[in-house]
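In case you want the letters, here they are:
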Amino acid sequence: MPAIVRTPHPRERRIVFKNVDREGWTTDIDCYLKDGGYEELKKALKMQPLEIVNEVKASGVRGRGGAGFPTGAKWGFIRPGETKPIYLICNADEAEPGTFKDRYIIHQDPHQLLEGMIISCYAVNARLAYIYIRGEFPLGAKIVEQAIKEAKEHGFIGKNILGTGFDLEIYVHRGAGAYICGEETGLIESIEGKRPYPRIKPPYFPAALGLYMSPTIVNNVETLCDVKHIIKMGGAEYAKIGRPNNTGTRILCVSGDVQKPGYYELEVGGVTLGELIYDICGGIRPGHKLKAVIPGGSSAKVLRADERYKIKTKQPDGTTVEEEIGIDDIRMDFDSLATVGSMAGSGGVIVMDDSRDMVWALNNINQFYGHESCGQCTPCREGSLWMQKITTRLLDGGGADDDADMLKSVADRIAGRTICAFGEACAWPTQSFVAKFRDEFLAYASKNGNTSSKPENKHQG
Amino acid sequence: MSDPVPLLNVQIDGVWHKFPKGTRVIEACSQAGKFVPRYCYHPKLSSPGNCRMCLIEMGMPRMGPDRKPELGPDGKPVINWMPRPQISCAQDIAEGMGLRTDSPLVQDCRHGVMEFLLINHPLDCPICDQAGECELQEFSVQYGTGGSRFREEKVKKPKHVHLGPRVTLDDERCILCSRCIRFMKEVAHDDVLGFASRGSHTYLTAHPGRVLDSNYSLNTVDICPVGALTSSDFRFKMRVWFLKETKSICTSCATGCNTLIGSRQNVLYRQTPRENDNVNSAWMCDYGRLNFHFVNSTDRLTEPQIRHLSDPETTSWTAAVSRAAEDLKRFQPTEIAVIASGRMTNEELWFAKKLVDSVKTPNYDIVPRTGPADDLLLNSIRNPNTNGAQLLGLCSDQPGAKLQQIADGVSQGHIRAVVALQEDLTEAGFKAADLERLGALIVMDILPNETTKRATTLLPSASFAEKRGSMINVKGRLQRLNRAIQSPGNAREDWEIMRDIIQQLTGANSVYLIEDVFKQMAENIPQFQGLSLSRIGDLGVKLEGVVSAEPVTASA
Amino acid sequence: MEIPQALADHIDEVISHYPVSKRSATLPLLHLLQEHFGYISEEAITWVATKLELEPINVLELVTFYPMLRQHPVGKHHIRVCRTLSCALGGGYALLDTFCKHANIEKPDGQHHAHLLKSADGKYSVEFVECLASCGTAPVCMINDDFYEAVSEDSVPELLKKYQ
């Protein structure tokens with residue numbers, strides 16, 4: 001349980017987080033049942049699996065783990081009439097820096113996750129499912145295991161669920177401190193008991209060759225919870241929340257230099273970045289101004305506070321108008337953030353004010369990626385540690401004036417060349433920080449009086 | 001009769017080609033003359049796609065609204081090029097696929113990968129065995145940028161790890177391609193290697209409780225693209241660019257793995273497998289691979305010798321050959337025995353049979369040799385040419401069946417002259433004391449042993465690396481050996497020695513070129529009809545009607 | 001290496017969660033053994049390999065990959081402080097130094113990356129770990145399996161008193 005109990009902000013729309021921080025709420029099944037829990041499961045089990053898939057497609061919900069891929073489309077990749085066993089995995093390996101939402105669902109509302117998961121398994125005909133919980137949530141794993149036990153006792157999991165003939169086993173599988181296990185194929189390799197090296201795609205698309213080389217669906221915790229609510233209100237109703245192509249609500253996690261950091265469940269695109277920071281999070285720390293925002297977890301490209309962003313807006317008459325907006329006016333949805341050159345990602349918004357050193361910030365991020373690279377493929381394995389060494393050397397006073405270009409060059413040769421998206425994840429921060437705050441990188445070089453890249457300037461140690 | 005494999009149209013660098021369905025993209029490029037550099041890909045192993053060196057541009061036909069490919073002005077599909085480069089090693093070609101193997105993007109991808117591989121690579125070239133056959137060196141020259149921009153400290157890893165009795169590992173040189181791990185698991189069925197740690201600190205290792213001691217461990221050294229895995233036997237011995245490479249075959253068992261013999265100035269340095277999908281794929285076993293040091297031994301017999309009363313004395317070839325022929329003329333056919341070898345070439349066996357026929361003896365056989373087989377390449381028959389010996393009439397379908405009877409004959413004194421060809425009779429059931437009482441012991445061999453010590457005429461001959469000839473492997477495949485080095489001292493080729501003896505015995509004319517030896521065989525042996533030494537080729541020819549000489553009894 | 005019956009039974013139960021492939025139970029078994037013994041010994045690695053019919057290298061590959069699995073004992077109480085960006089912005093580096101000071105752990109100056117440090121008496125060990133997914137309440141830490149949010153430097157001595 002968190003030490004800090006908060007009341008939701010008035011602009012929030014608590015659907016998935018309805019029971020988080022709720023007075024008197026407990027994680028046991030009786031509390032959940034008393035609140036109307038597992039009614040959606042009963043409703044879903046009376047539907048045809050294909051109906052459920054169509055509702056999810058109609059809802060337009062996009063994955064909440066970071067990639068934002070339409071969930072209905074993902075489920076649709078399973079071959080009709082598939083004869084191999086189908087598996088579903090809940091990705092509860094929340095580890096994208098800046099993100100802290102799945103933690104609360106796991107620790108405070110596990111039955112919501114289970115209900116959404118059972119409905120999803122029924123929809124895709126998965127008979128065996130795993131919840132991959134990061135190793136650093138030992139209490140969370142126990143809570144979910146207890147919830148599974150209770151659900152089994154009530155016949156919601158196990159053989160012949162509620163007399164429908166649908167069998168399903170769900171087990172918790174704990175991780176052990178590797179960010180790459182959040183990558184769906186790395187996760188699959190980890191469950192198989194191997195080093196979590198992501199797989200090459202083609203041919204190992206999980207919907208065809210996933211866990212144990214069988215069709216597998218991997219979904220984020222929040223996404224699976226969304227499924228329950230989609231069944232409750234219907235896909236079309238869900239699609240009315242948020243904005244076209246960016247439907248539903250999502251939990252934004254704000255951290256860094258704001259007065260009121262924390263989690264906020266908002267309609268997708270329902271707030272701008274400015275409203276989020278100033279209205280909802282109480283603004284920047286006193287005496288400081290906004291300098292930079294990473295809007296979607298540390299992998300997302302950084303946005304500079306004083307930059308102008310070109311966007312195209314569709315007018316009611318069908319024409320598009322190009323306009324320039326400031327950072328405050330960027331809408332917090334998938335498409336808008338992509339348009340301004342970043343991404344909505346995992347919803348982790350990291351805010352930095354003018355007291356922050358951007359080289360220091362990038363170095364902290366580079367250390368994360370250098371540490372977390374699995375090491376399977378050449379560009380990321382060698383490049384992530386190289387970028388880390390360069391920014392560390394810059395901070396230690398050994399910088400040269402071509403280090404900014406070197407960082408960009410290294411990052412450019414990683415992104416797009418790797419087996420998995422970790423390549424982009426470790427390259428985008430460097431590319432964007434150097435591009436947007438180049439003067440700070442150059443300042444580090446000249447601070448030391450180093451203006452050339454001759455070997456005698458080589459940094460030792 | 002199965003349906004023919006369909007041909008698919010693929011555009012490579014602007015030119016349309018046809019390839020059979022199921023062709024890997026990277027292989028299609030090679031076939032079109034556009035080699036794509038690669039490290040982790042190996043045609044005989046699974047493809048993990050981790051080195052990223054084989055990135056190229058790929059595209060598929062642009063589909064029209066009728067779901068058919070849009071055609072361009074040349075009547076061929078218009079290609080939609082994918083913005084991201086794709087690896088070419090893990091996908092098969094598809095109809096209408098487009099590939100660009102040398103665009104600016106592809107070149108930059110290669111520059112990137114080469115740079116990344118070199119930033120933590122130790123500057124070991126001056127002391128690294130792989131130099132001269134190192135793909136890191138070669139691709140760096142062809143596809144790299146030249147010059148280092150790396151200013152940081154390199155990652156340090158263990159430098160001489162004894163992974164096993166025959167393999168030494170340098171972890172810093174390793175580029176983590178995982179070929180060795182996959183080979184050990186998928187081919188050698190001994191999953192003993194793996195990666196430890198994470199990220200840039202990942203290193204290759206075996207668990208401390210296990211060693212890389214498989215009989216196929218040295219194949220990992222062959223497939224290692226760099227000098228990380230090295231042969232402890234060959235380490236620091238010779239620069240590979242000094243080695244002459246001779247195509248030959250292994251003679252340590254009946255499989256006859258195809259090999260390359262690496263030699264320099266008449267010294268053998270190593271053997272490596274040569275690919276032959278009908279025999280050994282791309283592999284050979286450690287036992288056969290390392291079984292060549294005896295050729296370099298300083299104990300090699302180099303001078304013909306004859307013994308009068310006690311001590312042997314060196315003599316000329318003419319004298320030795322005469323002495324051998326004279327000795328044989330002294331005895332009746334039933335008093336003579338000829339023990340040939342399953343290690344002799346067909347050409348040598350041809351002359352051995354001629355010798356048998358010249359002295360008209362009924363006492364002849366070869367020495368069988370068996371050992372445990374594995375389920376890969378090592379055959380339980382440890383003679384490389386038992387099939388040849390059978391075909392050429394030196395033994396029945398039960399090789400060695402007459403040996404005991406001949407040994408008894410020597411013991412009891414009925415057999416008074418023995419010709420031992422490439423075999424130590426004391427290892428074949430003959431007693432040394434019995435050999436000493438023979439009237440004539442004519443021995444042709446390469447190294448001293450208990451039989452050579454008792455020879456009345458000693459004829460130093462050639463090892464497998466010093467002769468041309470042919471052998472038939474256990475599956476009935478006719479393959480040839482080539483000469484890598486000269487025989488030491490005055491040692492001569494076996495077939496020529498026997499030809500000379502026979503000429504002395506019979507007075508008949510004979511042949512002087514080995515091609516003519518084969519021609520004679522081809523004229524007289526139906527299975528060799530139409531063949532010649534050159535027509536056998538580097539990969540051999542499967543013979544019709546040659547029965548596999550599997551042992552009658554189960555192997556040990 | 002003695003495995004009490006209760007643990008052995010638990011291990012067998014966990015293996016049953018992976019009907020398709022026993023190898024999947026490798027990580028769960030390593031967690032259970034580390035919880036019981038405090039770390040993963042050489043013996044534990046070969047034990048798991050034998051139990052699941054794997055090669056020992058298959059187990060070693062995992063033990064050396066995952067930072068949470070350790071091949072050496074840690075302190076009686078293990079402290080994990082988050083070092084990633086939001087916690088760093090919130091004072092994570094200073095928090096690490098404060099923990100080291102109050103737990104009597106020697107930390108080389110300026111060294112803030114990854115490695116595990118132990119106090120001389122073995123009572124505490126500290127590890128600077130990656131994002132613990134609670135960035136809104138930075139800086140955060142874990143002591144053993146307990147999680148603490150918004151940890152001020154002043155609260156460290158009190159916190160440590162609970163772990164003796």
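The structure displayed is predicted, hence computed values, not measured ones. (Residues numbered from 1 in each chain as written. Chains lettered and ligands numbered in written order. Predicted model: local features only at pLDDT ≥ 70, side-chain atom pairs only at ≥ 80, totals over all residues. Heavy atoms only, no water.)

Draft legend 1. Geometry of the interface of chain B and chain C. At the junction of the two partners, chain B supplies 14 residues and chain C supplies 13 residues. Roughly 1100 Å² is buried in total at the junction of chain B and chain C, and carbon and sulfur atoms are behind 56% of that figure. On the chain B side of the interface with chain C, the three residues burying the most area are Asp191(B), Arg198(B) and His207(B), jointly 51% of the side's total. Counting the contacts that link chain B with chain C gives one salt bridge. The closest approach of N and O atoms between Glu55(C) and Arg210(B), which form a salt bridge, is 3.1 Å. For the side of chain B that touches chain C, the elements supplying multiple residues, two or more each, are β9 (193–196) and β10 (203–206) of chain B. Looking at which element gives the most residues to the side of chain B that touches chain C, the answer is β9(B), with four residues. Across the side of chain B that touches chain C, the residue classes tally to six nonpolar, four polar and four charged. (Contact = heavy atoms within 4.5 Å. Buried area = accessible area lost by both parts, 1.4 Å probe. Salt bridge = Lys/Arg side-chain N within 4 Å of Asp/Glu carboxyl O. Helix = DSSP H or I, 4+ residues; strand = E, 2+ residues; numbered from the N terminus. Nonpolar A, V, L, I, M, F, W, Y, C, P; charged D, E, K, R; others polar.)

Draft legend 2. Representation of the domain arrangement of chain C in the model. Its domain assignment divides chain C into domain 1 (5–63) and domain 2 (77–161). Between domain 1 of chain C and domain 2 of chain C, the C-alpha centre-to-centre distance is 29 Å. (Domains from an automatic or database assignment.)

Draft legend 3. Inspection of empty space enclosed by the protein at higher detail. As enumerated under the stated definition, the model contains seven cavities of 30 Å³ or more in all. If you add up the space inside the largest cavity, you get close to 120 Å³. Forming the boundary of the largest cavity are 14 residues, of which Glu382(A), Asn120(B), Lys157(B), Glu172(B) and Cys174(B) lie nearest the centre. In terms of residue class, the lining of the largest cavity is made up of five nonpolar, three polar and six charged. Here the second largest cavity defines a volume of roughly 90 Å³. Along the wall of the second largest cavity there are 15 residues; nearest its centre are Cys174(B), Cys177(B), Cys180(B), Cys224(B) and Pro225(B). Of all elements in the fold, only α4 (179–186) and α5 (218–223) of chain B reach the threshold of two or more residues within the lining of the second largest cavity. For the lining of the second largest cavity, the residue count by class is twelve nonpolar, two polar and one charged. (1 Å grid on protein atoms, 1.4 Å probe; cavity = no way out; pocket = protein on both sides within 12 Å on 5 of 7 lines; lining within 4 Å. Points joined across faces, edges and corners; volume = space filled by probe spheres on them.)

Draft legend 4. Fine view of the interface of chain C and chain A. Taken residue by residue, the interface counts 42 residues in chain C and 61 residues in chain A. At the boundary of chain C with chain A, total buried surface from both sides reaches about 4000 Å², with 60% on carbon and sulfur atoms. Of all residues in chain C, the largest losses of buried area upon contact with chain A belong to Phe65(C), Leu85(C) and Leu89(C), amounting jointly to 17% of the total for that side. Close ionic contact of Glu35(C) with Arg174(A) constitutes a salt bridge, the shortest N to O distance being 3.2 Å. Across the contact surface, chain C and chain A share 19 residue pairs in polar contact (both at pLDDT 80 or more). Tallied by class, residues from the side of chain C that touches chain A come to 22 nonpolar, 13 polar and seven charged. (Polar contact = N/O pair within 3.5 Å; in protein donor to acceptor, adjacent residues only side chain to side chain.)

Draft legend 5. Quick peek at the sheet that holds strand β22 (residues 469–472) of chain B. Residues and elements named next belong to chain B. Read from one edge of the open sheet, three strands run β22-β23-β24, paired in antiparallel fashion. Each of the sheet's edge strands pairs with one partner strand only, and the pair in question is β22 and β24 (541–542). Where β22 lies against strand β23 (residues 477–481), four bridges are found, and the strand directions are antiparallel. Residue pairing in the sheet places Met471 in a bridge with Gln479 of β23. (Pairing = 2+ DSSP bridges.)

Draft legend 6. Quick look at the pattern of salt bridges. All names here are of chain B. Inspection of the entire model under this criterion finds 91 salt bridges over all chains. Between Asp92 and Arg24 there is a salt bridge, with its nearest N and O atoms 3.1 Å apart. Taken together, the residues Asp92 in the loop between β5 (86–87) and β6 (97–100) and Arg24 in the loop between β2 (15–20) and α1 (25–31) connect sequence positions 68 residues apart. With relative accessibility at 27%, the residue Arg24 sits in the partly exposed group. Put simply, Arg416 and Glu335 hold a salt bridge, and the shortest N to O gap is 3.5 Å. Of this pair, Arg416 sits in the loop between α10 (403–412) and β19 (417–421) while Glu335 is found in the loop between α7 (317–329) and β17 (336–341), placing the two residues 81 residues apart along the sequence. (Buried < 20%, exposed > 50% of the residue type's maximum accessible area, 1.4 Å probe, protein only.)

Draft legend 7. Examining the packing of aromatic side chains more closely. All names here are of chain A. Under the counting rule described, the total for this entry stands at 31 aromatic pairs over all chains. Between Tyr179 and Phe422 the ring centres are 5.8 Å apart and the planes differ by 70 degrees, which places this aromatic pair in the edge-to-face class. Of the two residues, Tyr179 sits in the loop between β3 (169–174) and α8 (184–191) while Phe422 sits in helix α16 (residues 422–436), which places them 243 residues apart along the sequence. Aromatic pair Tyr369 and Phe422: ring centres 5.4 Å apart, planes at 85 degrees, arrangement edge-to-face. (Phe/Tyr/Trp six-rings, centres within 6.5 Å; stacked < 30°, edge-to-face > 60°.)

Draft legend 8. Up close: the confidence of the model for chain A. On average, residues of chain A score 94 in pLDDT, and 96% of them reach the 70 mark or higher. Residue range residues 449–461 of chain A is modelled with pLDDT below 50. Its contacts to residues more than four positions away, or to other chains, number 23 contacts. (pLDDT = per-residue confidence, 0-100.)

Draft legend 9. Inspection of the sheet that holds strand β21 (residues 457–460) of chain B at higher detail. All names here are of chain B. The strand order across the open sheet formed by seven strands is β16-β15-β21-β20-β19-β17-β18, and the pairing between neighbours is mixed. In this open sheet, the two edge strands, each paired with only one partner strand, are β16 (312–314) and β18 (363–367). On average, each strand axis in the sheet is inclined to that of its neighbour by 15 degrees, with strand direction left out of account. Pairing of strand β15 (residues 305–307) with β21 involves two bridges; the strand directions are antiparallel. (Axes fitted to C-alpha atoms, helices over the stretch in contact; angles between N-to-C directions.)

Draft legend 10. Up close: the pairing of strand β8 (residues 262–267) of chain A. All names here are of chain A. The element β8 is largely enclosed, with a buried count of five among its six residues. Sheet topology note: the strand β7 (residues 249–256)/β8 ladder contains six bridges and is antiparallel. For Leu252, the partnering residue across the bridge sits in β8 and is Tyr264. The turn linking β7 back onto β8 is made up of five residues.

Draft legend 11. Representation of the domain arrangement of chain A within the structure. All names here are of chain A. Assigned domains of chain A: these are domain 1 (29–240), domain 2 (251–353) and domain 3 (358–448). Relative placement of domain 1 and domain 2: their C-alpha centres are 29 Å apart. Facing 15 residues of domain 1, the contacting portion of domain 2 comprises 18 residues. Interface area for domain 1 against domain 2, summed over the two sides, is near 1300 Å², with a carbon-plus-sulfur share of 59%. When the buried area of domain 1 at its contact with domain 2 is split by residue, Arg62, Glu96 and Phe100 rank highest and sum to 34% of it. Taken together, the links from domain 1 to domain 2 amount to one salt bridge. With a closest N to O distance of 3.4 Å, Arg62 and Asp335 form a salt bridge. Our enumeration of links across domain 1 and domain 2 arrives at seven residue pairs in polar contact (both at pLDDT 80 or more).

Draft legend 12. Broad picture of the packing of helix α1 (residues 5–15) of chain C against helix α2 (residues 26–37) of chain C. Residues and elements named next belong to chain C. Relative to each other, α1 and α2 sit at 160 degrees, their axes nearing to 10 Å. The pairing of α1 with α2 is recorded here as roughly antiparallel in orientation. When the axes of α1 and α2 are compared, the crossing they make is right-handed. Counting all contacts with α1, which are made through Leu7, His10, Ile11, Val14 and Ile15, the residues of α2 involved are Pro28, Leu29, Leu32, Leu33 and His36. (Parallel < 35°, antiparallel > 145°, perpendicular 65-115°, else oblique. Left-handed = near helix turned anticlockwise from the far one by under 90°.)

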